[in-house]
Structures are given as structure tokens and as C-alpha cells.
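As a plain string of letters, each chain reads:
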Amino acid sequence: MEIFAERSDIYLHICGAPTRERGFFRYYDGLLSRSRNIINHGFVKMESVAFKTLMNTCGYVVFPSASEGGAAALLNVMANGGLVPIITKSSGLDLEEHGWVIRNQDLDLFAKAIGQAMALENQTLKEKAIKVKAHVRRNYSLKSIRMVFAAF
């Protein structure tokens, strides 16, 4: 979040229930209240107009997880919105060819990846979005997971 607070040319949209992420919101309370380009939407239902608006507004999902193991929220925004990932390896997803997978939660590495992402041409971003959406739907759907388990 610090990266976005330092850059007024980009926006960070946060979606999450403050009651479930108390530590996060307590830690970043001051930054959230001072930064006009960091917007907390609270919990957003996937079937809502707000979710669709966010998917049409945003190009990337920034997910600096320390440990996830599949990251359902991350998969949802890629499969439903085509958001290009800027994530850590700890998310547990193999997406190196579809975005940026950073080996740890290093702010400098995230800042570099965000800078590279913002430098992409709109057409390149659109192509990446189409590819990541198709990849996630093909490889992380319930049907594909069943096929993997059936093979064992």
C-alpha cells in the first residue's frame, strides 16, 4: 500500500471485510485516511454491480501474500475480470507467464513490477488480460481440478 501512497498517478482499490482483516485495517488506518488514491470498498459481492465496475476499471490485481495456497479471491478476479496478476510466489499459483510473480514481499520488487505494468501499452494489457482470464478458467476451474484428482 505504501507504493500507492507515494504515487498519485495510480489507484489502489481494496476489497475486503474490515471485520475479517482487523489487523490489516488497523495497521494501515492512517495511510487509508490520508491517501486519496487508495480506496477501500469493503467486502464486495461478485454478483454485484460494484464488482463488475471494479473489474472494468482495474487492469491488475496486486496480491502481496505471505502464504495462501490457492488464493480464491485472486482466482476470482482473474477469471471474472481478467485482472493481470502482480503477486508473490506464496500465493501458490503458477502464473509467471501471465503477469509478475515476485519471490517475496519486497517493496522494491513490487514497486518495480508495478512500474513495469504501468508502462505496458493498453493493447498489450488487453492481450494479457484475455490470456490470463482464459488460463485461469481453463486450469483452475472445478472441472479441471476434478480431472487432476481423477488422474491420481
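Scroll up to find the structure.
Residues numbered from 1 in each chain as written. Predicted model: local features only at pLDDT ≥ 70, side-chain atom pairs only at ≥ 80, totals over all residues. Heavy atoms only, no water.

A. Highlighting the overall build of the chain. Counting secondary structure elements, the chain contains eight helices and five strands. The order of helices and strands in the chain, counted from the N terminus, is α-β-α-α-β-α-β-α-β-β-α-α-α. On C-alpha atoms alone, the chain measures out to a radius of gyration of 16 Å, which is about the 15 Å that the 2.2 N^0.38 rule sets for 152 residues. Judged by the C-alpha coordinates and their principal axes, the chain covers about 50 × 35 × 35 Å. Relative to its 152 residues, the chain shows a buried fraction of 36%. Pairs at least 24 residues apart make up 58% of the contacts formed inside the chain by residues separated by at least 6 positions. Of the accessible surface of the chain, which amounts to about 9800 Å², a share of 53% is contributed by carbon and sulfur atoms. Counting 19 positive and 14 negative side-chain charges, the chain places the averaged centre of each group 8 Å from the other. (Helix = DSSP H or I, 4+ residues; strand = E, 2+ residues; numbered from the N terminus. Rg over C-alpha atoms; globule rule 2.2 N^0.38 Å. Buried < 20%, exposed > 50% of the residue type's maximum accessible area, 1.4 Å probe, protein only. Contact = heavy atoms within 4.5 Å. Areas by Shrake-Rupley, 256 points an atom, 1.4 Å probe, with all protein chains shown as cover. Lys, Arg positive; Asp, Glu negative; His and termini not counted. Charge placed at Lys NZ, Arg CZ, Asp CG, Glu CD.)

B. Inspection of the sheet that holds strand 4 (residues 84-88) at higher detail. Read across the open sheet, the three strands follow the order 3-4-5; overall the sheet is parallel. Each edge of the sheet is formed by a strand with only one pairing partner; in this case those strands are strand 3 (60-63) and strand 5 (100-102). Pairwise comparison of adjacent strand axes, ignoring direction, gives a mean angle of 5° for this sheet. When strand 4 meets strand 5, the two strands line up parallel, connected through three bridges. Across the sheet, the residue bridging to Ile 87 is Val 101, located in strand 5. (Pairing = 2+ DSSP bridges. Axes fitted to C-alpha atoms, helices over the stretch in contact; angles between N-to-C directions.)

C. Up close: the environment of Arg 36. Here Arg 36 shows up in the loop between helix 3 (29-34) and strand 2 (38-42). Under the relative-accessibility criterion, Arg 36 is labelled exposed at 80%.

D. Inspection of the packing of helix 5 (residues 72-81) against helix 7 (residues 122-139) at higher detail. Contact pair helix 5 / helix 7: the axes reach a minimum separation of 7 Å and the direction vectors enclose 120°. Between helix 5 and helix 7, the interaxial angle falls into the category oblique. The way helix 5 lies across helix 7 gives a crossing that is left-handed. Touching Leu 75, Met 78, Ala 79 and Asn 80 of helix 5 are Val 132, Lys 133, Val 136 and Arg 137, all from helix 7. Counted by class, the contact of helix 5 with helix 7 contains five nonpolar, one polar and two charged residues. (Parallel < 35°, antiparallel > 145°, perpendicular 65-115°, else oblique. Left-handed = near helix turned anticlockwise from the far one by under 90°. Nonpolar A, V, L, I, M, F, W, Y, C, P; charged D, E, K, R; others polar.)

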